[in-house]
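Secondary and tertiary structure notes
As a plain string of letters, each chain reads:
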Amino acid sequence: MDFLEEIERRRTFGIISHPDAGKTTLTEKLLLYGGAIQEAGAVKSNKIKKGATSDFMEIERQRGISVATSVLAFIYKGKKINILDTPGHKDFAEDTFRTLTAVDSVIVVIDVAKGVEVQTEKLVKVCRMRKIPIIVFINKLDREGKDAFDLLDEVEQKLGLKVVPLSFPIGMGYDFKGIYNLWDKKLNIFSGDVKQTVSEGIEFTDVNNPELDEIIGETFANTLREEIELVEEVYPKFNKEDYLNGDLQPVFFGSALNNFGVKELLDCFIEIAPPPQPKTSNIRLVDSKEEKFTGFVFKIHANMDPKHRDRLAFIKVVSGIFKRNVNYLHVKQGKKMKFSSPNAFFAEKKEIVDESFPGDIVGLHDTGNFKIGDTLTEGEILEFKGIPSFSPEHFRYVNNADPMKSKQLAKGLDQLMDEGVAQLFTLDLNGRKVIGTVGALQFEVIQYRLEHEYGAKCSYDNLNVHKACWVEPEDAHNDEFKEFKRIKQRYLAKDKKGQLVFLADSAFTVQMTQDKYPTVQLHFVSEFK
Ligand code: G4P
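All values reported here derive from a predicted model rather than from experimental measurement.

Details of the site of the ligand
Taken together, 17 residues are adjacent to the ligand, and Asp20, Lys23, Thr24, Thr25 and Ser255 come closest. For the ligand, an oxygen atom lies 2.6 Å from a polar atom in the backbone of Asp20. Coverage of the ligand by the protein amounts to 68% of the 700 Å² it exposes when considered alone. Counting residues per element, the shell around the ligand draws most heavily on helix H2 (residues 23–33), which supplies three residues. Class assignment for the residues of the shell around the ligand results in four nonpolar, seven polar and six charged.

What follows is the structure, given as structure tokens:
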């Protein structure tokens, strides 16, 4: 297979959902189709379960699992499919945002009874901003849920999508009879015990065919006919280009647990989902078909074994072929590096590979050289864009609780921040360190990991910050900016990259400051140019 064929057959995507909608179950069923796993229950949930163990212990357990589930690759009908794992827990939303920079499309799972939930809204918003192609899978049709049309309306309104159903349910819950697949005009009858089997469906090009009454009964057949008519009247026709541009989102119905509607989803996915896409860098758009290798780090996993400082940096290959033992340029450090044991991922195993293609994820063992967002090339000086930090939601001063271990603390904080666990800000005025996180849980995680992995102890002090605002002066030398810096001195800090940040204590302050200093722009994301 040549280079272009290798690219063309790759599909790299993420599944996003609110916790409990069925992401893990769907992933598992997809892997079953790919023959990558033999039985249900093989994929571990990366969910943070509330329960007997304290939350941060649970996170440690989850961290162990999430190395295994970071990338789940399998082959289906000749296509190489890479599923990138996205944590559903809200405190890890930033991890998911970063992973979304490495996918070419997403599948959104929605629970038919719960409808669109908060976490889904947030994640879909990010996908829409980036124009990522989205397929929606409405799950748990074997349970009572919302009316299909109501749910489609809700998806359009809450998620801001323009949907086109490519399958439609026949009944629901106790009365769930099956699915009519509008994509390939097939009828799939639900028997309730198909969990591990691959149902092929009956060809049924015309729902007006009287045979339908015999198969699902007259009442259901008539309802389906009316509903399909309505679907065809109300929704646009599916158009692949609109889907690829992020302007139209196909919807499938099914039950992941019962393995129902999953094959239809997968068969359509491999046909319409995009192969590896071009990516914007600071100087130009890099096409996946370019022969020279480029890639970037979107995730770092550290210290799975506390005795060894082992870190695994996850690189998405953007263009060219990543080869083992070849020198590549770490652009930010201006340093050449080669890797003797790059890992590729296959189902839940990782193995050393000689070559990886665009769309693939390579795991590189790292001793502290990589940060999230770093770019590797064959020599060209370019950096991929699109991995901004978002303003954290929670802020605390961090103190050294063991003066003998200040070096360990500094190192630990540094590395945890590289990993993207939280963000560190240093106050201009007195050099005090402030940690900002997406969820309150991370403070416990940091304390626990500092102690267990670095032998350092920290304590926190409260700090009233509403948002971190990245500062962009129109003119760094004008009087307005000087005045801003003088008046706001106590609230100014630097992020890890040395960018100036204003720690605002309320939404009101942000507004007031913006009004008072119109030439000093405040941004809630670190990447604004
Ligand atoms: P998540 O990764 O999105 O958080 O969800 P997960 O797949 O873990 O599914 C959440 C719960 O919903 C699980 O039940 C799972 O079995 C159930 N589920 C998933 N798909 C379907 C479906 O199509 N129909 C029905 N009825 N249930 C479904 P659980 O009791 O929380 O976990 P478990 O003990 O079954 O693992």
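Details of the confidence of the model for the protein chain
Taken as a whole, the protein chain shows an average pLDDT of 88; of its residues, 89% reach a score of 70 or greater. Here helix H3 (residues 55–69) stands out as the element of the protein chain with the lowest mean pLDDT, 60, in contrast to strand E5 (residues 134–139), whose mean of 98 is the highest. In the model, residues 194–198 has pLDDT below 50 throughout and makes 14 contacts with residues more than four positions away in sequence or in other chains.

Brief notes about a negative patch on the surface
A cluster of acidic residues, Glu226, Glu229, Glu232 and Glu233, forms a negative patch at the surface. Position of Glu229 relative to the elements: it lies in helix H8 (residues 218–234).

Notes on the sheet that holds strand E10 (residues 202–203)
Pairing in this open sheet of four strands is antiparallel, and the strands run E7-E8-E9-E10 from one edge to the other. Of all the strands in the sheet, the pair left with one neighbour each is strand E7 (167–170) and E10. In the sheet, E7 pairs with strand E8 (residues 178–181) via four bridges, with the strands oriented antiparallel. Looking at E8, one finds that Pro169 is bridged to Ile179.

Some details on the packing of aromatic side chains
Two aromatic rings are characterised by how far apart their centres lie and by the angle between their planes. For the coordinates displayed, the defined rule picks out 25 aromatic pairs. Residues Phe339 and Phe370 carry aromatic rings whose centres are separated by 6.1 Å and whose planes lie at 25° to one another, so their mutual orientation is stacked. Of this pair, Phe339 sits in the loop between strand E18 (335–337) and strand E19 (343–346) while Phe370 sits in the loop between strand E22 (361–366) and strand E23 (375–377); the two residues are 31 residues apart in sequence, bridging distant segments of the chain. Three or more aromatic residues joined by ring pairs make a cluster, and in this case those are Phe293, Phe322, Tyr328, Phe339 and Phe370. A cation over an aromatic ring shows up here: Lys299 above the ring of Phe314, its NZ or CZ 5.9 Å from the ring centre.

Details of helix H5 (residues 118–129)
Between its first and last C-alpha atoms H5 spans 17 Å; for 12 residues at 1.5 Å apiece the expected length is 16 Å, and the two agree. Residues of H5 that are buried: Gln119, Thr120, Leu123, Val124, Val126 and Cys127. For H5, the buried positions fall inside an angular range of 155° around the axis, keeping them on one side. Away from its buried face by more than 90 degrees, H5 exposes Val118, Lys125 and Met129. For H5, the secondary structure elements touched by its buried residues are strand E1 (10–17), helix H4 (93–99), strand E4 (105–111), E5 and helix H6 (148–159). Backbone geometry just after H5 places Lys131 at a positive phi near 60°.

Here's the deal with the layout of surface pockets
By volume, the second largest pocket amounts to about 590 Å³. If you list the elements that add at least two residues to the lining of the second largest pocket, you get strand E12 (279–280) and strand E15 (311–319). Per-element accounting of the lining of the second largest pocket gives the leading share, three residues, to E15. When grouped by side-chain class, the residues that make up the lining of the second largest pocket number 15 nonpolar, four polar and seven charged. Two domains each donate at least three residues to the lining of the second largest pocket, and these are domain 1 (3–86 + 103–272) and domain 2 (279–377).

Let's talk about a nonpolar patch on the surface
A cluster of nonpolar side chains, namely Ile189, Ile202 and Ile215, defines an oily patch on the protein surface of about 210 Å² accessible area. What makes Ile215 partly exposed here is its relative accessible area of 35%.

Overview of the pairing of strand E2 (residues 71–76)
Among the six residues of E2, five are classified as buried, and the element is accordingly described as predominantly covered. Bridge count between E2 and strand E3 (residues 79–84): six bridges; the pairing is antiparallel. Among the inter-strand pairings, Ala73 is bridged to a residue of E3, identified as Asn82. With antiparallel pairing between neighbouring strands as the criterion, E2 and E3 make up a hairpin whose turn holds two residues, including Lys77 at a positive phi of roughly 45°.

Some thoughts on the side chain of Thr519
Relative to the helices and strands, Thr519 is located in the loop between helix H14 (507–516) and strand E31 (520–523). Excluding residues within four positions of it along the chain, Thr519 makes contact with Glu472, Pro473, Glu474, Asn478 and Glu480.

Notes on the sheet that holds E3
The strand order across the open sheet built from seven strands is E2-E3-E1-E4-E5-E11-E6, with neighbouring strands paired in mixed fashion. With one partner strand each, in any of the chains shown, E2 and strand E6 (163–165) form the two edges of the open sheet. Put simply, the sheet's adjacent strands are angled 25° from each other on average, direction ignored. Those strands touched by H6 are E4, E5, E6 and strand E11 (249–253), and its axis lies near 155° from that of E6. Strands E1, E2, E3, E4, E5 and E11 of the sheet are contacted by helix H10 (residues 262–272), whose axis makes an angle of about 180° with E5.

About the criteria used
Residues numbered from 1 in each chain as written. Predicted model: local features only at pLDDT ≥ 70, side-chain atom pairs only at ≥ 80, totals over all residues. Heavy atoms only, no water. Near = heavy atom within 4 Å. Polar contact = N/O pair within 3.5 Å; in protein donor to acceptor, adjacent residues only side chain to side chain. Areas by Shrake-Rupley, 256 points an atom, 1.4 Å probe, with all protein chains shown as cover. Helix = DSSP H or I, 4+ residues; strand = E, 2+ residues; numbered from the N terminus. Nonpolar A, V, L, I, M, F, W, Y, C, P; charged D, E, K, R; others polar. pLDDT = per-residue confidence, 0-100. Contact = heavy atoms within 4.5 Å. Patch = residues over 30% accessible without salt bridge, like charges linked within 9 Å, V, L, I, M, F, W, Y side chains within 5 Å. Salt bridge = Lys/Arg side-chain N within 4 Å of Asp/Glu carboxyl O. Lys, Arg positive; Asp, Glu negative; His and termini not counted. Charge placed at Lys NZ, Arg CZ, Asp CG, Glu CD. Pairing = 2+ DSSP bridges. Phe/Tyr/Trp six-rings, centres within 6.5 Å; stacked < 30°, edge-to-face > 60°. Lys NZ or Arg CZ within 6 Å of the ring centre and 35° of its normal. Expected span 1.5 Å × (residues − 1). Buried < 20%, exposed > 50% of the residue type's maximum accessible area, 1.4 Å probe, protein only. Arc of directions from axis to C-beta. 1 Å grid on protein atoms, 1.4 Å probe; cavity = no way out; pocket = protein on both sides within 12 Å on 5 of 7 lines; lining within 4 Å. Points joined across faces, edges and corners; volume = space filled by probe spheres on them. Domains from an automatic or database assignment. Axes fitted to C-alpha atoms, helices over the stretch in contact; angles between N-to-C directions.

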